[in-house]
Number of protein chains: 2
Amino acid sequence: MRDVVVVGAGMTRFGKHLDRSLKVLGQSAVESAVDDAGIRLGDIEVAFVGNAMAGIVQGQESVRGQVILHAFGLRQIPVFNVDNACASGSSAFHLAWLSVASGAQEVALVLGVEKLYHPDKAVSYRALASATDVEATPAQAPDARIFMDLYAAWARSYIERSGATVDDFAQVAVKNRRHASLNPDAQFRELIDAADVLGSPLVSAPLTRLMCSPIADGAAAVIICSAERARRVGSRPVTVAASVVVSGADPAQNGASSVARAAGRAYAMAGVGPEDVDVAEVHDATTPAELVALEELSLCGPGQSVELLRTGALELGGRLPVNTSGGLVSRGHPVGATGIGQICEIVRQLRGEAAGRQVDGARVGLTENGGGWVAGDTAATTVHLFTT
Amino acid sequence: MRDVVVVGAGMTRFGKHLDRSLKVLGQSAVESAVDDAGIRLGDIEVAFVGNAMAGIVQGQESVRGQVILHAFGLRQIPVFNVDNACASGSSAFHLAWLSVASGAQEVALVLGVEKLYHPDKAVSYRALASATDVEATPAQAPDARIFMDLYAAWARSYIERSGATVDDFAQVAVKNRRHASLNPDAQFRELIDAADVLGSPLVSAPLTRLMCSPIADGAAAVIICSAERARRVGSRPVTVAASVVVSGADPAQNGASSVARAAGRAYAMAGVGPEDVDVAEVHDATTPAELVALEELSLCGPGQSVELLRTGALELGGRLPVNTSGGLVSRGHPVGATGIGQICEIVRQLRGEAAGRQVDGARVGLTENGGGWVAGDTAATTVHLFTT
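Residues numbered from 1 in each chain as written. Chains lettered and ligands numbered in written order. Predicted model: local features only at pLDDT ≥ 70, side-chain atom pairs only at ≥ 80, totals over all residues. Heavy atoms only, no water.

1. Structural notes on helix 1 (residues 22-37) of chain B
Residues and elements named next belong to chain B. Along its 16 residues, helix 1 runs 22 Å from first to last C-alpha, staying within 8% of the 22 Å computed at 1.5 Å per residue. Listed in full, the buried residues belonging to helix 1 are Leu 22, Lys 23, Leu 25, Gly 26, Ala 29, Val 30, Ala 33, Val 34 and Ala 37. Viewed along the axis of helix 1, the buried residues span an arc of 165°, placing them on a single side of the element. Buried residues along helix 1 sit in contact with strand 1 (4-11), helix 2 (54-57), helix 3 (64-70), strand 4 (107-114) and strand 7 (218-226). (Helix = DSSP H or I, 4+ residues; strand = E, 2+ residues; numbered from the N terminus. Expected span 1.5 Å × (residues − 1). Buried < 20%, exposed > 50% of the residue type's maximum accessible area, 1.4 Å probe, protein only. Arc of directions from axis to C-beta. Contact = heavy atoms within 4.5 Å.)

See the structure below:
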């Protein structure tokens with residue numbers, strides 16, 4: 001396997017784009033990534049497209065990626081439509097990495113794209129519920145709340161074992177919103193305080209609305225290529241040091257240990273340890289999930305995330321800034337695009353292009369993205385490590 | 001890239017399985033393939049699942065593969081859901097091949113699975129129509145006929161340039177049904193004659209119903225691994241000599257030339273020529289499409305398929321038996337499973353396990369699978385070559 005680098009990254013702002021189609025969003029992100037890479041559209045040899053819910057929301061199945069890419073002239077290359085619920089984008093990235101790392105292709109495009117807002121809210125709920133086994137889901141509860149009930153149970157369990165408080169969960173939301181206020185691509189940018197978070201409507205105790213990721217529309221794209229190719233064109237590459245996808249929890253452990261398994265393999269693959277990570281984007285579908293993820297990623301010891309949070313280590317300027325983009329809760333969570341949005345943020349950080357939210361001297365970045373819930377297991381968990 | 005071999009193949013009968021769920025069909029195919037490979041379920045390190053229409057037909061999106069595999073205990077491995085319309089199965093196979101060829105994984109499962117029969121026929125039609133750009137499809141014609149109109153136009157054009165007759169198209173159906181009569185896994189096995197084909201209802205002139213592939217339910221699975229691993233366990237491996245996926249027609253040529261491009265690359269990759277092919281499974285979504293495909297695959301010269309057909313070369317016992325399984329028209333066409341069904345047939349032929357429909361001494365086999373239609377281009381075309 002040869003070295004693979006990211007040479008281009010581009011995304012739309014995440015948010016409500018009722019007037020912009022999947023085609024328009026996808027084109028915008030791809031063209032930004034292509035411009036950023038300094039290549040031509042015709043240099044792309046293969047495309048991997050992550051999308052989870054266009055079937056339900058837009059009625060487009062089967063050839064989602066081709067429909068988007070052909071609309072602006074990207075034809076005649078193999079296109080693979082990859083679906084893994086909220087981890088669709090990063091799963092597509094993994095396969096693109098494999099394609100270039102193996103030597104099969106030289107230049108690959110990864111596009112994550114999703115539109116969840118729909119005039120009929122029931123459509124959006126049904127789309128989100130599709131990330132579970134619909135046959136096993138009670139017909140009377142086919143909406144997004146089942147996920148939040150799971151996250152709420154994990155949050156209560158985390159409180160018991162770590163001493164975290166509901167105020168801590170609010171402080172994660174405040175921190176990520178502060179980061180988002182510095183990110184022009186984020187969905188929600190107005191500063192909030194803990195009272196705002198705690199005073200927002202209860203979703204599933206102890207989670208309030210502002211502790212939960214909103215729905216969003218958006219697209220994000222990256223261009224990857226071999227390291228040799230990047231040297232030839234003089235790009236500013238960011239190396240893909242590890243790409244790992246796993247599925248399922250370890251029955252002997254708690255339900256979230258797929259993250260730990262993926263992280264362990266990623267550190268081994270990259271030859272770096274958690275102590276080397278300078279900046280991380282993690283899957284904060286809810287704010288307590290961010291704290292749990294940091295421990296599973298071994299970025300701190302068991303139960304120690306709270307201390308990192310309380311001492312400001314997770315903030316910009318702290319020892320380990322987390323979710324500098326604003327995270328799922330503030331940058332937004334357009335399901336199939338989320339994983340690529342995370343990668344765009346890390347690429348910008350490692351290149352020193354994150355402007356007002358730049359992590360000084362960041363050289364090692366991590367992304368963690370999770371998707372789906374089937375029979376007690378996480379359907380897909382991905383961990384990626386990037387280095388300069 | 002290292003050598004990859006198929007060590008196990010299994011499938012359900014293709015046909016109408018109203019009483020069997022995707023889970024039941026998938027489990028049956030996977031367990032057959034695992035038994036055939038002589039491995040344990042736990043030896044599988046990664047799974048690629050091809051499905052195109054469960055979103056519309058069963059309401060299951062996002063995590064289709066996980067839902068099926070977890071139901072019978074295949075957990076904790078990365079699962080990738082791959083969608084490329086009628087080429088979903090073979091696209092998933094390509095990615096699995098890449099995964100093993102690159103050295104990333106040792107043993108991979110590919111499952112193609114689909115259920116198209118639905119008590120409400122409109123649901124099945126809508127599923128088939130999803131293989132196009134639904135935004136560009138007239139709302140008044142969202143059914144399978146748009147595909148058959150395209151195939152009918154190609155058939156008329158083929159008649160003009162080759163001297164083929166409508167009777168030739170009927171003879172392909174007769175031949176493939178004869179092959180299917182020898183295949184216990186085929187959907188339609190009763191012998192038919194040309195009068196039956198020509199007398200069946202007109203779908204889109206000159207195509208009659210028996211010249212068109214029916215809808216079907218079914219599942220097919222293969223296990224692939226590295227050649228070293230296969231040697232260690234003493235399997236009877238079939239080598240994957242080439243795996244190519246392309247998209248789109250060449251604007252300078254006619255609309256089907258993606259097959260020619262894919263085939264050219266596949267022959268180069270495998271180091272074999274069309275003259276070496278002993279048996280082929282091609283995408284006869286309609287019977288004239290089989291004749292066109294043989295020319296695009298360079299298995300004969302332009303306009304010469306008809307002569308092969310008329311002289312019996314395409315029959316069992318002839319020089320180049322084509323669609324010994326019965327093809328899409330008689331073995332059946334459960335969209336996401338079709339490409340893997342083709343591969344199962346070639347594996348059986350190259351192992352000498354095709355019983356009454358065995359091609360004597362077959363050593364080189366080819367599969368060609370196509371899917372989707374977007375803005376004048378084929379969304380995905382795959383060509384695979386297998387050798388003993």
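2. Quick word on the nonpolar core
Judged by nonpolar contacts, the single largest core of 72 residues is most densely connected at Phe 93, Val 222 and Ile 224 of chain A together with Phe 93, Val 222 and Ile 224 of chain B. Ignoring anything within four residues of it in the chain, the contact list for Ile 224 of chain A reads Val 4, Val 5, Val 6, Phe 93, Ala 96, Trp 97, Val 100, Glu 106, Val 107 and Ala 108 of chain A. (Core = buried A, V, L, I, M, F, W, Y, C linked by side-chain atoms within 4.5 Å.)

3. Comments concerning the packing of aromatic side chains
By the definition in use, this model includes eight aromatic pairs over all chains. With a centroid separation of 5.2 Å and 20° between ring planes, the pair formed by Phe 48 of chain A and Phe 80 of chain A is classed as stacked. Of this pair, Phe 48 of chain A sits in strand 2 (residues 46-50) while Phe 80 of chain A sits in strand 3 (residues 79-83), and the two are 32 residues apart along the sequence. Each of the two residues, Phe 48 of chain A as well as Phe 80 of chain A, counts as buried. Arranged with centres 5.2 Å apart and planes meeting at 70°, the rings of Trp 154 of chain B and Trp 373 of chain B form a pair that is edge-to-face. On the criterion of sequence distance, the pair formed by Trp 154 of chain B in helix 6 (residues 145-162) and Trp 373 of chain B in strand 10 (residues 364-374) is long-range, its members being 219 residues apart. Each member of the aromatic cluster is reached from another via a ring pair, and the members are Tyr 151, Trp 154 and Trp 373 of chain A. (Phe/Tyr/Trp six-rings, centres within 6.5 Å; stacked < 30°, edge-to-face > 60°.)

4. Digging into the pairing of strand 11 (residues 377-387) of chain A
In summary, the side chains of a regular strand alternate between the two faces of the sheet. All names here are of chain A. Counting buried positions along strand 11 gives eleven out of eleven residues, so the element sits mostly inside the fold. Where strand 10 (residues 364-374) lies against strand 11, ten bridges are found, and the strand directions are antiparallel. Note on strand 11: the bridge partner recorded for Leu 366 is Leu 385. Where strand 10 folds back on strand 11, the antiparallel hairpin that results is connected by two residues, among which Ala 375 adopts a positive phi of roughly 50°. (Pairing = 2+ DSSP bridges.)

5. Overview of the interface of chain B and chain A
The partner chain A presents 55 residues to the 55 residues of chain B that form the contact. Taken over both partners, the interface formed by chain B and chain A buries close to 4200 Å², and the fraction arising from carbon and sulfur atoms is 52%. If you sort the residues of chain B by the area they bury against chain A, Ser 62, Gln 76 and Phe 80 of chain B come out on top, with a joint share of 15%. Our enumeration of links across chain B and chain A arrives at eight salt bridges. A salt bridge links Arg 75 of chain B to Asp 377 of chain A, with the shortest nitrogen-to-oxygen separation between them at 2.5 Å. Here chain B is connected to chain A by 37 residue pairs in polar contact (both at pLDDT 80 or more). Broken down by class, the residue content of the side of chain B that touches chain A amounts to 25 nonpolar, 20 polar and ten charged. Strand direction decides the pairing type here: strand 3 of chain A and strand 3 (residues 79-83) of chain B, joined by three bridges, are antiparallel. Directly across from Val 82 of chain A, in strand 3 of chain B, lies its bridge partner Val 82 of chain B. (Buried area = accessible area lost by both parts, 1.4 Å probe. Salt bridge = Lys/Arg side-chain N within 4 Å of Asp/Glu carboxyl O. Polar contact = N/O pair within 3.5 Å; in protein donor to acceptor, adjacent residues only side chain to side chain. Nonpolar A, V, L, I, M, F, W, Y, C, P; charged D, E, K, R; others polar.)

6. What about the environment of Gly 365 of chain A?
All names here are of chain A. Its location among the elements puts Gly 365 in strand 10. For the pair Gly 365 and Val 222, spaced 143 residues apart in sequence, the C-alpha to C-alpha distance is 16 Å. Among residues more than four places away in sequence, those in contact with Gly 365 are Val 279, Ile 346, Leu 350, His 384, Leu 385 and Phe 386.

7. Focus on the packing of helix 4 (residues 88-101) of chain A against helix 14 (residues 335-351) of chain A
Axis angle and axis distance: for two packed helices, these are the angle between their axes and the distance between the axes, and together they describe the pair. Residues and elements named next belong to chain A. It is the contact of helix 4 with helix 14, at a shortest axis distance of 5 Å, that shows an interaxial angle of 65°. Listed contacts from helix 14 to Ser 88, Gly 89, Ser 90 and Phe 93 of helix 4 are Gly 336, Gly 339, Ile 340 and Ile 343. Looking at the contact of helix 4 with helix 14 residue by residue, the class counts come to three nonpolar, five polar and no charged. (Axes fitted to C-alpha atoms, helices over the stretch in contact; angles between N-to-C directions.)

8. Describing the pairing of strand 11 (residues 377-387) of chain B
Both strand 8 (residues 238-246) of chain B and strand 11 of chain B contribute to a ladder of seven bridges, which runs antiparallel. By the bridge assignment, Ala 242 of chain B is partnered in strand 11 of chain B with Leu 385 of chain B.

9. A short note on the relation of the copies chain B and chain A
When chain B is brought onto chain A, the operation consists of a screw motion whose angular component is 180° and whose axial shift is 0.0 Å, with 0.0 Å RMSD remaining. Such a combination of turn and shift is consistent with a two-fold rotation axis. Most of the interface of chain B is mirrored in chain A: 100% of its interface residues are interface residues there too. (Least-squares fit on C-alpha atoms with pLDDT ≥ 70 in both.)

10. Considering the pattern of salt bridges
By the definition in use, this model includes 38 salt bridges over all chains. The residue Glu 315 of chain B makes a salt bridge to Arg 178 of chain B at a minimum N-O spacing of 2.5 Å. Taken together, the positions of Glu 315 of chain B in the loop between helix 12 (305-310) and helix 13 (327-330) and Arg 178 of chain B in helix 7 (residues 166-180) put the pair 137 residues apart, joining distant regions of the chain. Residue Glu 315 of chain B is classed as partly exposed on the basis of its relative accessible area of 23%. Between Arg 348 of chain B and Asp 185 of chain B there is a salt bridge, with the nearest N and O atoms lying 2.9 Å from each other. Of this pair, Arg 348 of chain B sits in helix 14 (residues 335-351) while Asp 185 of chain B sits in the loop between helix 7 and helix 8 (194-199), and the two are 163 residues apart along the sequence. Connected through shared salt-bridge partners, Asp 36, Arg 236, Arg 351 and Glu 353 of chain A make up one network.

11. Remarks on the side chain of Asp 284 of chain B
Residue and element names in this part refer to chain B. By secondary structure assignment, the location of Asp 284 is in the loop between strand 9 (279-281) and helix 11 (287-296). Look at Asp 284: it is buried, it has no salt bridge, and the nearest opposite charge is Arg 331 at 5.9 Å. For Asp 284, the side chain forms a polar contact with the main-chain nitrogen of Leu 328, separated by 2.6 Å. Polar contacts involving the side chain of Asp 284 include one to the main-chain amide nitrogen of Val 329, which spans 3.4 Å. Sequence-distant contacts of Asp 284, defined by excluding residues within four places in its chain, comprise Asn 176, Ser 213, Glu 290, Asn 323, Gly 326, Gly 327, Leu 328 and Val 329. (Lys, Arg positive; Asp, Glu negative; His and termini not counted.)

All we've got here are geometric facts, nothing functional implied.
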